[in-house]
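# Geometric and topological summary
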Amino acid sequence: MYILNFILGACFGSFYLCILDNYPNFFNHSRSICPYCHNELKFYHLIPILSYIILKGKCAYCKHKISWRYPIFEIISGITFVLCYQNFTFFIASNIIVLLAISISDIRHGIIYDSLLIILFILIITHYSIDLKLCLFILFIGIFLSINNLIGFGDIKLLAIYSLIFDLYQMCLILFIASLIALIITKKRKIKFAPYLSFAIICILVI
Ligand SMILES: [Zn+2]
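Residues numbered from 1 in each chain as written. Predicted model: local features only at pLDDT ≥ 70, side-chain atom pairs only at ≥ 80, totals over all residues. Heavy atoms only, no water.

### Considering helix α5 (residues 114-127)
When the terminal C-alpha atoms of α5 are compared, their 20 Å separation across 14 residues agrees well with the 20 Å that a helix rising 1.5 Å per residue should span. Considered for burial, the residues of α5 that qualify are S115, L116, L117, L120, L123 and I124. (Helix = DSSP H or I, 4+ residues; strand = E, 2+ residues; numbered from the N terminus. Expected span 1.5 Å × (residues − 1). Buried < 20%, exposed > 50% of the residue type's maximum accessible area, 1.4 Å probe, protein only.)

Shown next as structure tokens:
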């Protein structure tokens, strides 16, 4: 089970870095390409960690060095998945991994990818019976707030997804924890809110 979880985590890490590096072209390519020579990579060039070792950290075609962050992130993602699964259910462990990815993408690119939100949505609807009322309310208020640039629409979508399983009290708590930590950590007016929201959501999920 450890090995299976590690492989799952490593694959997720690999897939995620792939989206990050190829965005916004990710969905235009049916296969991954080398960012330097633009050759299409074969499936055996994309095996997490192993391909890096076998190819000695170089592209199979142009021999350009592949960044070390690929295997490192894949290993970290694999270990996180194992550790999470040890202590939490599959639902919580996978939520933590996806929220981590959402936080990194918000910090790096200032955007929350819909692909990650869709993964969260599928995770939630396959594990819980959902309640649409609060979700619609948050989307309604959220559209108004994001038009006035008070909060990003990505953050609203993230909140709306979790309002499918959390009640109003829990949603207020998430906003309160996230805002409080953001206030303590940063003095900037325009902040990337997703990492704070993710942290607060994980707190509520774990408690
Ligand atoms: Zn290449």
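So that's the structure; there's more coming.
### Remarks on the nonpolar core
Core analysis: the biggest nonpolar cluster contains 44 residues, and I102, L158, Y162 and I174 have the highest contact counts within it. Within the residue set of this core, elements represented by two or more residues are α1 (2-22), α3 (69-87), α4 (90-109), α5, α6 (132-147), α7 (153-162), α8 (168-185) and α9 (194-206). No other element matches α4, which puts nine residues into this core. When residues of this core are assigned to domains, at least three fall in each of domain 1 (2-87) and domain 2 (123-206). Residues within four places of I102 in sequence aside, it is in contact with I112, L116, L117, L120, L158, A194 and S198. (Core = buried A, V, L, I, M, F, W, Y, C linked by side-chain atoms within 4.5 Å. Domains from an automatic or database assignment. Contact = heavy atoms within 4.5 Å.)

### Here we look at the environment of I191
Mapped onto the elements, I191 comes out in the loop between α8 and α9. Distance in space between the C-alpha atoms of I191 and I138 is 20 Å, their sequence separation being 53 residues.

### A word on the environment of L164
Mapping L164 onto the fold places it in the loop between α7 and α8. The class for L164 is buried, based on a relative accessible area of 4%. For the pair L164 and T186, spaced 22 residues apart in sequence, the C-alpha separation works out to 30 Å. Not counting the four nearest positions on each side in its chain, L164 is found in contact with F121, I124, S129, I130, D131, L132 and C135.

### As for the coordination of the zinc ion
Distances from the zinc ion to its protein donors, namely C34 (SG), C37 (SG), C59 (SG) and C62 (SG), fall within the range 2.3 Å. Relative to the metal, the four donor atoms surrounding the zinc ion lie at angles of 100 to 122°, and the coordination shape comes out tetrahedral. Read from N- to C-terminus, the donor residues coordinating the zinc ion fall into the pattern C-x2-C-x21-C-x2-C. One end of the pair, C34, is in the loop between α1 and α2 (50-54); the other, C62, is in the loop between α2 and α3, and 28 residues separate them in sequence. Its relative accessible area of 33% is what places C62 among the partly exposed residues. (Donors = N, O, S within 2.8 Å, 3.2 Å for Na, K, Ca; no water. Tetrahedral: all angles 85-135°; square planar, octahedral: opposite > 155°, others 65-115°.)

### Observations concerning the side chain of S94
Its location among the elements puts S94 in helix α4. Residue S94 is classed as buried on the basis of its relative accessible area of 7%. At 2.5 Å, the side chain of S94 and the backbone oxygen of F90 are in polar contact. (Polar contact = N/O pair within 3.5 Å; in protein donor to acceptor, adjacent residues only side chain to side chain.)

### Details of the domain arrangement of the protein chain
Split by domain assignment, the protein chain resolves into domain 1 (2-87) and domain 2 (123-206). Using only C-alpha atoms to locate each centre, domain 1 and domain 2 end up separated by 30 Å.

### Concerning a nonpolar patch on the surface
Together, I118, F121, I122, I125, I130, L132 and L136 make up a nonpolar patch on the protein surface, roughly 620 Å² of accessible area in all. Elements represented by at least two residues in the nonpolar patch include exactly α5 and α6. Here the element with the most residues in the nonpolar patch is α5; it accounts for four residues. The exposure class of I130 is partly exposed, given its relative accessible area of 38%. (Patch = residues over 30% accessible without salt bridge, like charges linked within 9 Å, V, L, I, M, F, W, Y side chains within 5 Å. Areas by Shrake-Rupley, 256 points an atom, 1.4 Å probe, with all protein chains shown as cover. Salt bridge = Lys/Arg side-chain N within 4 Å of Asp/Glu carboxyl O.)

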